[in-house]
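Structural overview
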Protein chains: 2
Amino acid sequence: MKPQLSIIKIGGNIIENPTQLSHLLELFSNIEGSKILVHGGGKKATETSKRLGIESKMVNGRRITDTESLDVAIMVYAGLVNKKIVAELQSKNTNAIGMSGADANAIRAHKRPVKEIDFGWVGDVDGVHSENLWKLLQAGFTPVFCALTHDGAGQLFNTNADTIAAELAIGMASHFKTTLYYCFEKRGVLLSIEDENSVVEHIDSSSYKELLDQGVIADGMLPKMHNCFHALQNKVHEVRIGNSSMLEKTDSKFTTITL
Amino acid sequence: MKPQLSIIKIGGNIIENPTQLSHLLELFSNIEGSKILVHGGGKKATETSKRLGIESKMVNGRRITDTESLDVAIMVYAGLVNKKIVAELQSKNTNAIGMSGADANAIRAHKRPVKEIDFGWVGDVDGVHSENLWKLLQAGFTPVFCALTHDGAGQLFNTNADTIAAELAIGMASHFKTTLYYCFEKRGVLLSIEDENSVVEHIDSSSYKELLDQGVIADGMLPKMHNCFHALQNKVHEVRIGNSSMLEKTDSKFTTITL
């Protein structure tokens, strides 16, 4: 039987709040077995860009990563956010090792092809170096990933953190029985966005279609759900969506997604 | 017989120059056996502080690391500089993994005690977690260290990169026959600072005293030499000081230091 691997992606809002982040890192530290943390950048990158006098470039409402913005992303994601999380995890007896996709050649990507929009230094993932990650996990380390990838030729890319978490889960699925957790501020997929108690506790391929038709899954939840099913279709055991309480051994509700 | 380990510290001036840096990383990639790279931050941190409107705090001519300055150091050293080096090393077939002292609990430190000056978030090294580093090296990874340490309780520190290199060499000396390279812009210790051909090719404890008496070793070279002898007194095999050409298999001159 394959060993368990938990991959937990935490969102930007949690990172903004030191108390919430600390609580979440405590829960993460308590997870048994092999685990990987993936974090977004939060508003720190936007704030830092602003302070540096770098304007956000937008085309058709989509953010463009030019060279200066990429440098800020590298500073904030791989530097400030990643190292503070790593230092705090070490204080909680988790032997964390902070990584971008370039470290240990973990996540290869290519520049997103230019169609209507040139997104700049945004990377679409080619694959995960599962053997290198396996070695790190076997040695007892807990990788902590920021949302950066590389092309193997020296270029770093900005890549969506949800996508990175899904690709890591897919990449490690041959070695591990992998559960992917998307941890954000809501308790899960909600039937009614205003009602935190309306959590849809289980979604599979057929109920997913119904929820789409009903318009329950829309906006920001669409790409997240796309990542979930992409992962499940590629041998990831299970995906869970919810707030940090889903990492506690309580009977709190969250959304479980299976094929 | 212990296996070889090369620890190469590169200075800020090399990091400022992409062509020189690229050449050095090529030479580093060609070094056989286990190796570790340690890099300083260069002027990027000062530049970034300036752009962010953060003033350098100085007391009695010594730089103070306040909370804002530490954040910039984390962004620039562990983020921008470290990840670009890692990505470039990956392109040169070196399986680099970028690290601060918090990653893999590699380098523990404590806040420098306040005597005449409170240096702020500056860390004095307590020790290196040689077992964790040994695991990484055994697995075929090449650690790339920036000049940050941690206290194990969640606090990161700014620590001199020369000191980090020496402490890593000392920490690994029980596992490896360790050679420490201080790579900077000069060809080595020079009898006359204006004459690049006046390299002192070998220094030991007794000739060191003579060079000190003669005033050949002074200013910035003093703490570097202190680090060298501290390393040698703690089982490091050999220390070399020179420019990048000492990493080439040529007959170029550099300074070798032994006890």
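Residues numbered from 1 in each chain as written. Chains lettered and ligands numbered in written order. Predicted model: local features only at pLDDT ≥ 70, side-chain atom pairs only at ≥ 80, totals over all residues. Heavy atoms only, no water.

An unreviewed UniProt entry annotates chain A as Acetylglutamate kinase originating from Flagellimonas flava. According to UniProt, the comment filed for chain A under the heading Function (unreviewed entry) is "Catalyzes the ATP-dependent phosphorylation of N-acetyl-L-glutamate." Note on chain A: under the UniProt heading Catalytic activity (unreviewed entry), the record states "N-acetyl-L-glutamate + ATP = N-acetyl-L-glutamyl 5-phosphate + ADP". (UniProt positions renumbered as here; feature names shortened; annotations may be inferred.)

This paragraph deals with the overall build of chain A. Helix and strand content of chain A: eight helices and 14 strands. Here chain A has a C-alpha radius of gyration of 18 Å; the compact-globule value for 259 residues is 18 Å, and the two agree. C-alpha atoms of chain A, sized along the principal axes, occupy 45 × 45 × 35 Å. Within the span of chain A, comprising 259 residues, buried residues form 59% of the whole. The contacts in chain A between residues at least 6 apart in sequence include a share of 71% that link residues at least 24 apart. (Helix = DSSP H or I, 4+ residues; strand = E, 2+ residues; numbered from the N terminus. Rg over C-alpha atoms; globule rule 2.2 N^0.38 Å. Buried < 20%, exposed > 50% of the residue type's maximum accessible area, 1.4 Å probe, protein only. Contact = heavy atoms within 4.5 Å.)

Residue and element names in this part refer to chain A. Its boundaries defined by the atoms lining it, the second largest pocket holds a volume of some 1400 Å³. Taken together, 44 residues line the second largest pocket, and the ones lying closest to its centre are Arg63, Asn158, Thr159, Asn160 and Ala161. Mapped by element, the contributors of at least two residues to the lining of the second largest pocket are α1 (12-16), α3 (44-51), β4 (62-64), α4 (67-91), β7 (123-128), α6 (161-172) and α8 (221-232). Residues of the lining of the second largest pocket, tallied by class, amount to 14 nonpolar, 19 polar and eleven charged. (1 Å grid on protein atoms, 1.4 Å probe; cavity = no way out; pocket = protein on both sides within 12 Å on 5 of 7 lines; lining within 4 Å. Points joined across faces, edges and corners; volume = space filled by probe spheres on them. Nonpolar A, V, L, I, M, F, W, Y, C, P; charged D, E, K, R; others polar.)

Mapping chain B onto chain A is achieved by rotating through 180° and translating by 0.0 Å along the same axis, at an RMSD of 0.0 Å. Expressed as a symmetry operation, the mapping of one chain copy onto the other fits a two-fold axis. Interface residue correspondence from chain B to chain A reaches 100%, placing this contact among same-surface, isologous pairings. (Least-squares fit on C-alpha atoms with pLDDT ≥ 70 in both.)

The next subject is the UniProt feature "binding site: substrate" (unreviewed entry) in chain A. Residues and elements named next belong to chain A. In the numbering used here, UniProt assigns the "binding site: substrate" (unreviewed entry) feature to Gly41, Gly42, Arg63 and Asn158. Cross-referencing the annotated residues with the second largest pocket identifies Gly41, Gly42, Arg63 and Asn158 as lining it. With respect to the helices and strands, Gly41 occurs in the loop between β2 (34-39) and α3. Aside from chain neighbours lying at most four places away, what touches Gly41 is Glu16, Tyr77 and Val81. Looking at the element boundaries, Gly42 is found in the loop between β2 and α3. Excluding its chain neighbours within four sequence positions, the residues that come into contact with Gly42 are Gly12 and Glu16.

In this complex, chain B contributes 39 residues to the contact, which on the side of chain A involves 39 residues. With both sides pooled, the region where chain B packs onto chain A buries about 3100 Å², and carbon together with sulfur makes up 64% of that total. On the chain B side of the interface with chain A, the three residues burying the most area are Arg51(B), Met75(B) and Lys83(B), jointly 19% of the side's total. Our enumeration of links across chain B and chain A arrives at six salt bridges. A salt bridge links Lys83(B) to Asp103(A), with the shortest nitrogen-to-oxygen separation between them at 3.0 Å. At the surface where chain B touches chain A, the tally comes to 14 residue pairs in polar contact (both at pLDDT 80 or more). Among the elements of the structure, α3 (44-51), α4 (67-91), β5 (96-99) and α5 (130-138) of chain B are those that each provide at least two residues to the side of chain B that touches chain A. Looking at the side of chain B that touches chain A element by element, the count peaks at 15 residues for α4(B). Residues belonging to the side of chain B that touches chain A are distributed by class as follows: 19 nonpolar, twelve polar and eight charged. (Buried area = accessible area lost by both parts, 1.4 Å probe. Salt bridge = Lys/Arg side-chain N within 4 Å of Asp/Glu carboxyl O. Polar contact = N/O pair within 3.5 Å; in protein donor to acceptor, adjacent residues only side chain to side chain.)

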